[in-house]
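Observations on the model geometry
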Amino acid sequence: MTIVTEIVQDVYRISTYVPERNLQINQFLIKDDEPLLWHTGQNFLFQTVRDAVAKILDPAGIRWIGFSHFEVDECGSLNEWLALAQGAQGFCSSVGARVNMYDYALRPVKGMENGETFTTGTHRHRFQATPNLPHCWDAGLLFDETASTLFCSDLFHHNGAVIKEVVGRSDIG
Ligand SMILES: [Fe+2]
Ligand SMILES: [Fe+2]
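Okay, so let's go over this structure. Everything numeric here is computed off the predicted structure, so don't read it as measured data.

Listed as protein donors to the iron ion (ligand 2) are Asp73 (OD), Glu74 (OE), Asp154 (OD) and Asp154 (OD); their distances from the metal cover 2.0 to 2.7 Å. One way to put it: the four donor atoms around the iron ion (ligand 2) meet at angles of 53 to 167 degrees, and that makes the site irregular. The metal-metal distance between the iron ion (ligand 2) and the iron ion (ligand 1) is 3.1 Å, with Asp154 coordinating both. Of the two residues, Asp73 is situated in helix H2 (residues 72-75) and Asp154 in the loop between strand E11 (149-151) and strand E12 (170-172); the sequence distance between them amounts to 81 residues. Both residues of the pair, Asp73 and Asp154, count as buried.

Before going further, it helps to spend a moment on the side chain of His39. Inspection of the secondary structure assignment puts His39 in the loop between strand E4 (36-38) and helix H1 (46-53). Owing to a relative accessible area of 4%, His39 belongs among the buried residues under this scheme. Here Ser68 takes part through its backbone nitrogen, which lies 3.2 Å from a polar atom of the side chain of His39.

Core analysis: the biggest nonpolar cluster contains 29 residues, and Leu29, Val53, Ile62, Ile65, Leu78, Trp81 and Met101 have the highest contact counts within it. For this core, the secondary structure elements donating two or more residues are strand E2 (11-18), strand E3 (23-30), H1, helix H3 (78-84) and helix H4 (94-104). Take this core: its biggest share by element is four residues, from H1. Counting residues in each nonpolar core, the second largest holds 13 residues, with Val11, Phe91, Phe127 and Ala147 among its members.

Cut-offs applied
Residues numbered from 1 in each chain as written. Chains lettered and ligands numbered in written order. Predicted model: local features only at pLDDT ≥ 70, side-chain atom pairs only at ≥ 80, totals over all residues. Heavy atoms only, no water. Donors = N, O, S within 2.8 Å, 3.2 Å for Na, K, Ca; no water. Tetrahedral: all angles 85-135°; square planar, octahedral: opposite > 155°, others 65-115°. Helix = DSSP H or I, 4+ residues; strand = E, 2+ residues; numbered from the N terminus. Buried < 20%, exposed > 50% of the residue type's maximum accessible area, 1.4 Å probe, protein only. Polar contact = N/O pair within 3.5 Å; in protein donor to acceptor, adjacent residues only side chain to side chain. Core = buried A, V, L, I, M, F, W, Y, C linked by side-chain atoms within 4.5 Å.

See below:
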């Protein structure tokens, strides 16, 4: 089951509960001039996440694809997304780009420096390098300054189907 929730204006959480892992896998979509997808999910979730994104905007129009660290729930289907969204720029920490993505990614991924900012149109974002937080030395987090929203990856990791607890502007059926 996948639920799409607008958590702040033009910021959506895509949440899929995976019973085999007793875990919900989340991605975040920022609807802006240059749409941004934070986390891709695993390869087996590619079509599910793509279809969820399509409820909000054209997935092929995604322009930024970012992730906190090199694990499959964060960026497993990165190459599927880079193939689908030809104009998209992948991004992660500079460590992640140097250590992993130069070999893994379909095309070069931008390594963000600590505190680096960029805009996607009306939203301005700041990348924070956070080595080993939540885990992995390539870790980093994204802060949407405009929406005052921190995309904190696995920081509050817990098991179970807790989708119903999220407080949002509206669920997108
Ligand atoms: Fe992780
Ligand atoms: Fe994770």
